[in-house]
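# Chain and residue survey
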Amino acid sequence: DEGNMRVFFTGSSAIEINKGADLSRRALIFHIKPISFREFLVFKKGETLEKITASQLFNTNERRELILKTSKFNDYLPEYFQTGGVLYPSSEPEAFYKAIENTLDKIIHSDLEYLRQINVKIENDVHKLLEIIAISPAGEANYSNIASNLSISKPTLIKVISDLEKIGLVKRISPC
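## Let's talk about the confidence of the model for the protein chain
Summarising the model, the protein chain shows a mean pLDDT of 81, and 84% of its residues fall at 70 or more. Element-level mean pLDDT values for the protein chain span from 55 in helix H1 (residues 14-20) up to 91 in helix H8 (residues 143-150).

This is the structure in structure tokens:
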């Protein structure tokens, strides 16, 4: 409380921070989202892409010019989509995927366990659950199908998905 000091800290345990840890009343908590394609171009490729306005998109002449100027960045899109806008210092894809895998393991085996007393089967099912969600076509994943696929009860699945949402690992989208 004395002196002129600024402390920066990072962490992945959204549960603990949001629960009201001692620093939470004095700290500014920021949720850092994945980087945009424009930011990716700057950080990873040293390229600059100007902001595009809605008026440029709706004006036929400006849109043509815009397509010509921005088409050179198309080759970078697959790499951007591969990492989902998550920065990682290594340029090796294997290192990136290993880091993501380690983060998921930490979340599942520490953060999730902190929220609820869960058994080893549920921990293993969470890995399968995330895989099912990731590869399911939009709108096809539902509680009943996933619960059946994992051989767990629907209420248990709903609780686990709710916990994963609290942690920040998934986001449920309700039907319209």
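Still more ground to cover, so stick around.
## Concerning helix H9 (residues 154-167)
Over its 14 residues, H9 extends 20 Å from the first C-alpha to the last, a length consistent with the 20 Å expected when each residue adds 1.5 Å. Where H9 is concerned, the buried positions are Leu157, Val160, Ile161, Asp163, Leu164 and Ile167. Take H9 and look down its axis: the buried residues cluster within an arc of 155 degrees, on one side only. Two residues or fewer after H9 comes glycine 168, characterised by a positive phi angle close to 100 degrees.

## Points about the pattern of salt bridges
Applying the stated rule across the entire model yields three salt bridges. Measuring nitrogen to oxygen at the nearest pair gives 2.9 Å for the salt bridge that ties glutamate 165 to arginine 172. A relative accessible area of 26% places glutamate 165 in the partly exposed class.

## A closer look at the packing of aromatic side chains
Tallying each qualifying case throughout the model produces five aromatic pairs. Judged by centre distance (6.1 Å) and plane angle (20 degrees), the rings of phenylalanine 37 and phenylalanine 40 are stacked. Of this pair, phenylalanine 37 and phenylalanine 40 both sit in helix H2 (residues 37-45), three residues apart, which is roughly one turn of the helix. Side by side, phenylalanine 37 and phenylalanine 40 carry an identical accessibility label, which is buried. Relative to tyrosine 80, the ring of phenylalanine 37 lies with its centre 5.4 Å away and its plane at 65 degrees, an arrangement referred to as edge-to-face. Of the two residues, phenylalanine 37 is situated in helix H2 and tyrosine 80 in helix H5 (residues 77-83); the sequence distance between them amounts to 43 residues. Across the pair, tyrosine 80 and phenylalanine 37 agree in class, each one buried.

## Notes on the packing of H8 against H9
Here H8 crosses H9 at 105 degrees, and the two axes come no closer than 9 Å. Taken together, the axis directions place H8 and H9 in an arrangement best described as roughly perpendicular. Contact residues: Tyr143, Ser144, Ile146, Ala147 and Leu150 in H8; Lys154, Leu157, Ile158 and Ile161 in H9.

## Some details on the nonpolar core
Counting 18 residues, the largest nonpolar core has Val126, Leu129, Leu150, Leu157 and Leu164 as its most contacted members. Elements that contribute at least two residues to this core include exactly helix H6 (93-115), helix H7 (120-135), H8 and H9. Once you skip the residues sitting within four places of it in the chain, leucine 129 turns out to touch Ile146, Leu150, Leu157, Val160, Ile161 and Leu164. Core analysis: the next-biggest nonpolar cluster, separate from the first, contains seven residues, Ile35, Leu41, Leu49 and Tyr80 among them.

Parameters at a glance
- Throughout, a residue's number is its position along its own chain's written sequence, starting from 1.
- With the structure being a predicted model, the display of local features is reserved for residues of pLDDT at least 70 and the display and counting of side-chain atom pairs for 80 or more, all residues being used for whole-chain, interface and lining totals.
- For side-chain calculations, the full set of non-hydrogen atoms in the structure is used, while hydrogens and water are omitted.
- The score called pLDDT rates the predictor's confidence residue by residue, from a low of 0 to a high of 100.
- Under the scheme used here, helices are H or I runs from DSSP no shorter than 4 residues and strands are E runs no shorter than 2 residues, and both carry numbers assigned from the N terminus.
- To estimate the expected span of a helix, count its residues, drop one, and scale the result by 1.5 Å.
- Working definition: with a 1.4 Å probe on protein chains only, accessible area under 20% of the residue-type maximum means buried, over 50% means exposed, and in between means partly exposed.
- Comment: arc refers to directions from the helix axis out to C-beta atoms.
- The working definition used for a salt bridge is a side-chain nitrogen of Lys or Arg within 4 Å of a carboxyl oxygen of Asp or Glu.
- When two rings of Phe, Tyr or Trp (its six-membered ring) have centres within 6.5 Å they constitute a pair, described as stacked for plane angles under 30 degrees, edge-to-face for angles over 60, and tilted for the intermediate range.
- Only the stretch in contact is used when fitting a helix axis, every axis being a line fitted to C-alpha atoms; angles between N-to-C directions are given from 0 to 180 degrees.
- The labels follow the angle: roughly parallel below 35 degrees, roughly antiparallel above 145, roughly perpendicular from 65 to 115, and oblique for the rest.
- By definition, residues are in contact when any of their heavy atoms lie within 4.5 Å.
- Here, nonpolar core refers to any group of buried Ala, Val, Leu, Ile, Met, Phe, Trp, Tyr and Cys residues whose side-chain atoms link them within 4.5 Å.

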